[in-house]
Amino acid sequence: IDLSDQDLSDGIDLNLGPVDDSDIVWINGNKVGETFNIYNRNRRYHLDPEILKPGTNTVLVRVEDYRGGGGIYGDRNQMYLESKGSKISLAGTWKFKVGIDEVPPGFPSSDFGPNSYPTLLFNAMINPLLPYGIKGAIWYQGESNAGRAYQYRRIFPMMITDWRSHWGQGDFPFLFVQLANFMQPKDPPAESTWAELREAQTMTLSFPETGMATIIDIGEADDIHPRNKQDVGIRLALSAYKVAYGQDIVYTGPTYESMNIEGNKVYIKLTNTGSGLEVRDPYGYLKGFTVAGSDKKFYWAKAQKIDDTTVMVYSDMVSKPIAVRYGWADNPHDLNLYNKVGLPANPFRTDDWQGITDGKK
């Protein structure tokens, strides 16, 4: 970055935005700050003006990530030097070099922690509870398994079965939270590991005495832990009223049931609509639907509510549709299909084409 004499004053700060997971920062070879293993904290480091010079200055950032996606991932407007209220952008093309791209031999796990050892968490945190009675369980997890969503179809129900077997109290209620929307929205439509994990969670509802809270509408692009916990709790409570206490209520959002193709239009039948569907758009436009033909290429689709249980979907780009998807993305940020109870429609796909996590372990 090029600086003038006027830029070299007291009160200079470097802002990089969030870095996933750890970072160390040098300017002109001088270490100016570091943060360890906090993926969602904005990096802001105060600078000694003596390390800066008129002309070209070099900013070097070492990033370490231990699992999943990583890097400097904030908005370009979050990257700047600030002096006396004026900002000098650091956005642009950076040079980079990958130092190491796999876990070195000898490390116990991909996240360098003991909690990933098989049986450790169960024996330390679940096994001591087995002598006690249990009314039910609430489970909020899945982010770390998104890259292995097909495997999750098998191991998540296995865990539920295992817990029920150990307690010996039958099929006690097991409620869980579906992955929220997260990461930056993408365009055009693309495959998604997070969508496949949500699908695996939905499949688990075929197990007896299970319930799922859909929170596809309260996630945050830059924070894997949404701050709106109240609506998560309310939706879990609705599941508990239904599954654990047998109340006759609408406890979940519209859920895919079937489809019917007529020409270039697909009619989607939904259940769990209660007293009807609700489109949260002043003009009645539905968002988040995609359509594909036999080439398996998906296009954004136009959609509208037909009646209290049916949505019609089509695209001018697909004359002979065979598959529809809704909310099929890491962050389908503009979904607006609800039931009149105020619960969002559950993301779905009508096809069973091979996913990108099939075979990943």
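Asks: Can you explain the overall build of the protein chain? Please cite residues and give values.
Replies: In terms of helices and strands, the protein chain carries four helices and 23 strands. Judged by the C-alpha coordinates and their principal axes, the protein chain covers about 70 × 60 × 35 Å. Accessible surface, the protein chain as shown: approximately 19500 Å² in total, 51% of it carbon and sulfur. Positive and negative charge centroids in the protein chain, built from 37 and 45 side chains respectively, lie 3 Å apart.

Asks: Could you give an account of unusual backbone geometry, with specific residues and numbers?
Replies: Residue Asp21 follows Asp20 across a cis peptide bond; omega there is 5°. Relative to the assigned elements, Asp21 resides in the loop between β2 (12-20) and β3 (22-27). Non-glycine residue Glu209 carries a positive phi angle of around 55°. Looking at where Glu209 falls in the secondary structure, it is placed in the loop between α3 (193-203) and β13 (210-213). Given a relative accessible area of 37%, Glu209 falls into the partly exposed group.

Asks: An account of the sheet that holds β13 is requested, with residue identities and associated values reported.
Replies: Spatial strand order, β11-β12-β13: three strands in an open sheet with parallel pairing. Of all strands in the sheet, those bounded by a partner on one side alone are β11 (137-139) and β13. Adjacent strand axes in the sheet meet at a mean angle of 20° when their direction is disregarded. Bridge count between strand β12 (residues 174-177) and β13: four bridges; the pairing is parallel. Bridge pairing in β13 places Phe176 opposite Met212.

Asks: Which residues make up the packing of aromatic side chains, and what values do they have?
Replies: Scanning the entire structure with this criterion turns up 15 aromatic pairs. Where Phe156 meets Phe176, the ring centres are 5.2 Å apart and the plane angle is 85°; that geometry is what we call edge-to-face. In this pair, Phe156 is assigned in helix α2 (residues 149-167) and Phe176 in strand β12, connecting sequence segments 20 residues apart. Across the pair, exposure class does not vary: Phe156 and Phe176 are buried alike. Cluster of aromatic residues (ring-pair linked, three or more members): Trp139, Tyr152, Phe156, Trp163, Trp167, Phe172, Phe174 and Phe176. Directly above the aromatic system of Tyr338 lies the positively charged group of Arg280, at a separation of 3.8 Å from the ring centroid.

Asks: Tell me about the nonpolar core, and name the residues and values.
Replies: Phe156, Trp163, Trp167, Phe172, Phe174 and Leu197 are the most contacted members of the largest nonpolar core, which has 22 residues in total. Elements that contribute at least two residues to this core include exactly α1 (120-126), α2, β12 and α3. Per element, the largest residue contribution to this core is seven residues, and it comes from α2. In contact with Leu197, other than residues within four places in its own chain, are Gly142, Asn145, Ala146, Ala149, Tyr152 and Leu179.

Asks: Lay out the sheet that holds strand β21 (residues 323-326) with the relevant residues and their values.
Replies: Each strand in a sheet pairs with its neighbour through backbone hydrogen bonds, running either in the same direction (parallel) or in the opposite one (antiparallel). The four strands lie next to each other as β18-β17-β21-β23, forming an open sheet whose pairing is antiparallel. The outermost strands of the open sheet, each flanked by one partner alone, are β18 (298-300) and β23 (348-349). Pairing analysis gives two bridges linking β21 to β23, with the strands arranged antiparallel. The residue of β23 that forms the bridge with Arg325 is Arg349.

Asks: Kindly report on the pairing of strand β14 (residues 255-262), identifying the contributing residues and their values.
Replies: Here β14 runs beside strand β15 (residues 265-271); their pairing, made up of seven bridges, is antiparallel. Across the sheet, the residue bridging to Asn260 is Tyr267, located in β15. Linking β14 to β15, which pair antiparallel, is a turn of two residues; within it Gly263 sits at a positive phi near 65°.

Asks: Could you give me a rundown of the environment of Pro208, with the residues and numbers involved?
Replies: With respect to the element layout, Pro208 can be found in the loop between α3 and β13. Assessed through its relative accessible area of 42%, Pro208 is described here as partly exposed. With 36 residues separating them along the chain, Pro208 and Phe172 place their C-alpha atoms 8.9 Å apart. Excluding residues within four positions of it along the chain, Pro208 makes contact with Arg164 and Asp171.

The rules behind the values
Residues numbered from 1 in each chain as written. Predicted model: local features only at pLDDT ≥ 70, side-chain atom pairs only at ≥ 80, totals over all residues. Heavy atoms only, no water. Helix = DSSP H or I, 4+ residues; strand = E, 2+ residues; numbered from the N terminus. Areas by Shrake-Rupley, 256 points an atom, 1.4 Å probe, with all protein chains shown as cover. Lys, Arg positive; Asp, Glu negative; His and termini not counted. Charge placed at Lys NZ, Arg CZ, Asp CG, Glu CD. Buried < 20%, exposed > 50% of the residue type's maximum accessible area, 1.4 Å probe, protein only. Pairing = 2+ DSSP bridges. Axes fitted to C-alpha atoms, helices over the stretch in contact; angles between N-to-C directions. Phe/Tyr/Trp six-rings, centres within 6.5 Å; stacked < 30°, edge-to-face > 60°. Lys NZ or Arg CZ within 6 Å of the ring centre and 35° of its normal. Core = buried A, V, L, I, M, F, W, Y, C linked by side-chain atoms within 4.5 Å. Contact = heavy atoms within 4.5 Å.

The analysis is restricted to geometry; functional conclusions fall outside its scope.
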